[in-house]
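Tertiary structure, described
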Amino acid sequence: MRVVATAGHVDHGKSTLVKALTGSDPDRLSEEHRRGLSIELGYCWTDLPGAGTVAFVDVPGHERFLPTMLAGVGPVPAVLLVVAADDPWMPQTAEHLAAIDAFGVRHGVVAISRSDLVDPEAARQLARDAISHTTLAGAPVVAVSATTGQGMTDLVDALVAMTSAMEEPEATADVRLWIDRRFHVKGAGTVVTGTLPAGRIKAGDQLSTGAHAVRVRGVQSLGREQPEVTGTARVALNLGGEVPASLDRGSVLVKPDAFVFSSVVDVRIDPADHVPERPLLHIGAAAVGTHQRPLGSDTSRISLDRPLPLRIGDRALLRDPGSRRLWGVTVLDPQPPALRRRGAAARRGAELATASGQPDVAAEVRRRGLVSTSTLRRLGVHLETQPTGDSGIRSAGDWLIDERRVDTLTAQLAAAVEQHDSHHPLDPGLPVAAAVRKLGLPAAELLTVVLPADCRVEAGRVTRHPADEVPQAVTEAVAALTADLAERPFAAPDAARLAEVGLDAKAAAAAARAGLLLRLADGVVLLPGADRLAVSRLLDLPQPFTASEARRALDTSRRVALPLLAHLDRVGLTRRLADDRRTVAQPTPRAAAMDTP
C-alpha cells in the first residue's frame, strides 16, 4: 500500500477529487456535508493499475483546521497538492506547501482542479513557480476536472509514476505509529488509527506509549481485518478496554525499548530567522508546546512540554500560532548533553555546526565520547557496519568509545592507581569498583580498553607493576609452567609443581603483578589470557550452565574451576544467576591461543 495526503486551500476540490479517484466520499461527518468543507481527516482508498492500493488521507483546507491538516500530512511520505484553476494562489495553499516543505516530503503531484471552468495554464505556471524552491520541485502539475473527467487519466498516470518511484519501506523497521484518531467500538473497546510509515504490526503485539504498555487485540486495514500489516499503510488497531485516557490524537505507539522518549532535543532550523521562544512543534500527528533556545546560527535546543520518541534525522516543523509562520526542523540529537557551564550553549552550537542529521556511528561516538550500541540503535543509528580499528573508535562489549576519551581516561586511571598505591603500600592495586567510580565509567568492562600499558586487572584490582622488575628466576619458572599448560591450559599446577619450578607464594604474586600469570587464588595460577580463552569455550555450552558443566568444558578440576568462575564473575565476563548457574555476559572473540610471556 502507498499512502498519499491531500493538501490545498479550502474549497479547492480536494475531497471531490479524492471521491473521483476512489469512488468514496472522504467526508464522514454530517457537519462536513452541511458546511461543504472538511473538518476532520478523511480516508479513502483505491487500486491504481501499476501502483497497487493507494490510500488517501484527505485533510481540511480551512485555516482554522491547520493543526488537523498537519496531523494528516506529518506521517505521510507523499502528497497530492490541489490548486483551483479559477482562484488565485491562496494563503492556505502557500501555508500547506510550506508545511510540506518543512516536513521534507519529496514525493508529490500537483492537481490544477476545476480546469473545465477556466484555462488552467496560468494556475499551472503559478504552481510550477511556487514548488520550484521546495522539496516538491519538479513534481508533475496536471490539469483536471473531477466534474467532467478531463485530465483524470493523466492524474492517475502521475500518481502511479510517483508511487512507483517511492522507496519500499523496511518491514523490519521499529514500529512508530502516530495516532490521529481514537474512538470506541461497542463490544470491541478502544480503536486508534494512524499511518504506519514502516515496520510490521500484528495481532498480539505489545506496543508502548512510553509510560504505558498496550496490547494489540486486532489489526484492520482498508476496512478489513488483517493478521498483520506492514508500512506504509493506514491501520486501525483494536486495543481493547484497558487503554490509558492519555492515548489520543497526537499520541504515539512504538515498539517497546526501541526509542528514546526525549523531552530535550537539539535541532537544525530552516530558515533560522525570527523563531519565537515558545513555538509549537509538529511531528507525525503530534503537536507539542516547546521552549526554544538558540545554540548556533541555525541550531537550537528545544525543550518539549511532553516527551516524544525522536530519532536522528527526523523531520518536523515549528509553528508560531500568532504569526502563522512555519520553520522546518531536522533532529540532530534526541539525547543531548546538559548545558551547565557558562558558554556551554555556544560550544554545543559549534559542535553541531557540521552535524548532517544523517545517522552515522563514527560521528555520534566522536560527539558523545562514550555511548552504548543499544542507545545508538534507539536513536536511529544503524550498526550494520561498525567502525573499524582505524576509525578512532574502540569497542568493549556493548560500548563504543572515542580514542580521544580513551587517552584521557587512561591517564586518569594511571594517576588513580599510583595515588592508591602510594596511600596503601601494603595493599597495592586499585579495586575495580573504585576505578570504575573514579573514572565515571558506566561498566567495568571498559577498563580493558583504558588500561595503561603497565597495568593489569587481576583478582578484582587494577595493579601496576612493570614486567622488567621481575627476577630472572621467576621469568624462568613461568616459562616452565607455560610448557606444562600447552596441552591443557586450565590444568593449574598443584603446590608440589609450583614448588618444583620455584614459584612460592611470594614469587607467584610477583609474576601475577607483572602480568606473567593469572592468579585466581592462593596456589591457583594460570597463564594470562586464560580467562578470555575460558569464555570462548563456555560460549559453546547451552546458556545458562552449571559449574560442573563449565569444569568439564574446560577439562579441569573443581579446585581450578570455582576460583576461575569467580574471577570471570568479578571482571564481568560471566554473570551468576540466582540458581547458581551462569551465562556469558558479553560475547568475546574466540582466542586461537592465550597470551604468553
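Everything below is about the structure shown above.
The sections below set out a description of the structure shown in this document. None of the values given here were measured: they were computed from a predicted structure. (Residues numbered from 1 in each chain as written. Predicted model: local features only at pLDDT ≥ 70, side-chain atom pairs only at ≥ 80, totals over all residues. Heavy atoms only, no water.)

1. Considerations on the overall build of the protein
Applied cut-off: By the criteria applied, helices consist of DSSP H or I runs no shorter than four residues and strands consist of E runs no shorter than two, each listed in order from the N terminus. Radius of gyration: C-alpha atoms only; globule rule: 2.2 Å multiplied by the number of residues to the exponent 0.38. Should any heavy atoms of two residues lie within 4.5 Å, those residues are considered in contact. Note on areas: these come from Shrake-Rupley sampling with a 1.4 Å probe, and a residue is covered only by the protein chains present in the view.
When you go through the protein residue by residue, the secondary structure sums to 18 helices and 32 strands. By the compact-globule yardstick of 25 Å for 597 residues, the protein is too spread out, its C-alpha radius of gyration being 32 Å. Taking the principal axes of its C-alpha atoms as reference, the protein extends roughly 110 × 55 × 40 Å. Relative to all contacts within the protein whose residues are 6 or more apart in sequence, the contacts with residues 24 or more apart total 67%. Total accessible area on the protein stands at roughly 26,900 Å², and carbon and sulfur atoms take up 49% of it.

2. A word on the sheet that holds strand 23 (residues 370–372)
Note the threshold: Note: two strands are recorded as paired if DSSP finds a minimum of 2 bridges between them. All axes are obtained by fitting lines to C-alpha atoms, using only the stretch in contact for helices, and the reported angles, taken between N-to-C directions, cover 0 to 180 degrees.
What the 3 strands build is an open sheet, ordered 23-25-24; its pairing is antiparallel. For this open sheet the edge positions go to strand 23 and strand 24 (393–396), each flanked by a neighbour on one side alone. In this sheet, adjacent strand axes meet at a mean angle of 25° when their direction is disregarded. Here 3 bridges tie strand 23 to strand 25 (residues 399–402), and the two strands are oriented antiparallel to one another. The residue of strand 25 that forms the bridge with Val371 is Leu400.

3. Side note on helix 15 (residues 505–513)
Counted only if it meets this: Per-residue accessibility, obtained with a 1.4 Å probe over protein chains only, is compared with the maximum for each type, and a residue is labelled buried under 20%, exposed over 50%, and partly exposed between these values. N or O atoms closer than or at 3.5 Å make up a polar contact, with two conditions inside protein: a donor-capable atom paired with an acceptor-capable one, and, for residues adjacent in sequence, both atoms drawn from side chains.
If you check which residues of helix 15 are buried, you get Ala507, Ala508, Ala509, Ala510, Ala511 and Ala512. Between the side-chain oxygen of the N-cap and the backbone nitrogen of Ala507 there are 2.8 Å, and the N-cap of helix 15 in question is Asp504.

4. Description of the sheet that holds strand 20 (residues 299–310)
The strand order around the closed barrel built from 6 strands is 17-20-19-18-21-22, with neighbouring strands paired in antiparallel fashion. For this sheet the average axis-to-axis angle between neighbouring strands, irrespective of direction, equals 40°. As judged from the 5 bridges shared by strand 17 (residues 260–270) and strand 22 (residues 326–333), these two strands associate in the antiparallel manner. In the strand pairing of strand 22, Ile269 is matched with Val329. Where helix 4 (residues 91–103) meets the sheet, its contacts fall on strand 18 (280–283), strand 21 (315–319) and strand 22, and the angle it forms with strand 21 comes to roughly 140°.

5. Examining the layout of surface pockets
Put simply, the rule reads: Cavity and pocket criteria rest on a 1 Å grid covering protein atoms alone: a 1.4 Å probe that fits but cannot get out defines a cavity, protein on both sides within 12 Å along at least 5 of 7 lines defines an open pocket, and an atom within 4 Å of a point defines a lining residue. Grid points are joined across faces, edges and corners, and a volume is the space filled by probe spheres set on the points. Under the grouping applied here, Gly and all other residues not named as nonpolar or charged are polar, the nonpolar ones being Ala, Val, Leu, Ile, Met, Phe, Trp, Tyr, Cys and Pro and the charged ones Asp, Glu, Lys and Arg.
Roughly 1,900 Å³ of volume is contained in the largest pocket. In terms of lining, the largest pocket is formed by 48 residues, of which the most central are Arg176, Pro197, Ala198, Gly313 and Asp314. The element best represented in the lining of the largest pocket is helix 9 (residues 373–378), accounting for 3 residues. Considered class by class, the residues forming the lining of the largest pocket number 19 nonpolar, 14 polar and 15 charged.

6. Some words on helix 11 (residues 432–439)
Listing the buried residues of helix 11 in full gives Val432, Ala434, Ala435, Val436 and Leu439. Those residues of helix 11 that are buried lie in contact with helix 10 (403–423), strand 26 (430–431), helix 12 (447–450), strand 27 (455–458) and strand 28 (461–464).

7. Considering the nonpolar core
How we decide: As used here, the term nonpolar core means buried Ala, Val, Leu, Ile, Met, Phe, Trp, Tyr and Cys residues forming a set that is joined through side-chain atoms within 4.5 Å.
Val57, Val110, Ile112 and Ile131 are the most contacted members of the largest nonpolar core, which has 33 residues in total. Elements supplying a minimum of two residues to this core: strand 1 (2–7), strand 3 (52–58), helix 3 (66–73), strand 4 (78–84), helix 4, strand 5 (107–113), helix 5 (121–131) and strand 6 (141–143). Looking at which element gives the most residues to this core, the answer is helix 4, with 5 residues. Counting residues in hydrophobic clusters, the runner-up holds 24 residues, among them Val254, Leu281, Ala285 and Val329.

8. Things to note about empty space enclosed by the protein
Inspection of the entire model under this criterion finds 1 cavity of 30 Å³ or more. Here the largest cavity is characterised by a volume of approximately 30 Å³. In terms of lining residues, the largest cavity is bounded by Val265, Val267, Leu281, Ile283, Leu310, Ala316, Val329 and Val331. Considered class by class, the residues forming the lining of the largest cavity number 8 nonpolar, no polar and no charged.

9. Quick notes on the pattern of salt bridges
What counts here: Any Lys or Arg side-chain nitrogen found within 4 Å of a carboxyl oxygen on Asp or Glu counts as a salt bridge.
Using the criterion set out here, one finds 29 salt bridges in the structure. A salt bridge links Arg348 to Glu351; its shortest N-O distance comes to 2.5 Å. On the criterion of helical spacing, the pair formed by Arg348 and Glu351 is a turn pair, its members being 3 residues apart in helix 7 (residues 344–352). The class for Arg348 is buried, based on a relative accessible area of 4%. Given a relative accessible area of 34%, Glu351 falls into the partly exposed group. Note that Arg488 is salt-bridged to Asp555, the shortest N-O span being 3.0 Å. Remark: Asp555 occurs in the loop between helix 17 (547–554) and helix 18 (558–570) and Arg488 occurs in the loop between helix 13 (472–484) and helix 14 (495–501); sequence separation between them is 67 residues.

10. Structural notes on the packing of helix 1 (residues 14–22) against helix 6 (residues 152–165)
Put simply, the rule is: To sort the angles, those under 35 degrees are grouped as roughly parallel, those over 145 as roughly antiparallel, those from 65 to 115 as roughly perpendicular, and the leftovers as oblique.
At a closest axis distance of 11 Å, the pairing of helix 1 and helix 6 adopts a crossing angle of 85°. As summarised for this structure, helix 1 and helix 6 are arranged roughly perpendicular, according to the angle between their axes. Between helix 1 and helix 6, the residues in contact are Leu17, Ala20 and Leu21 and Met152, Leu155, Val156 and Leu159, respectively. In terms of residue class, the contact of helix 1 with helix 6 is made up of 7 nonpolar, no polar and no charged.

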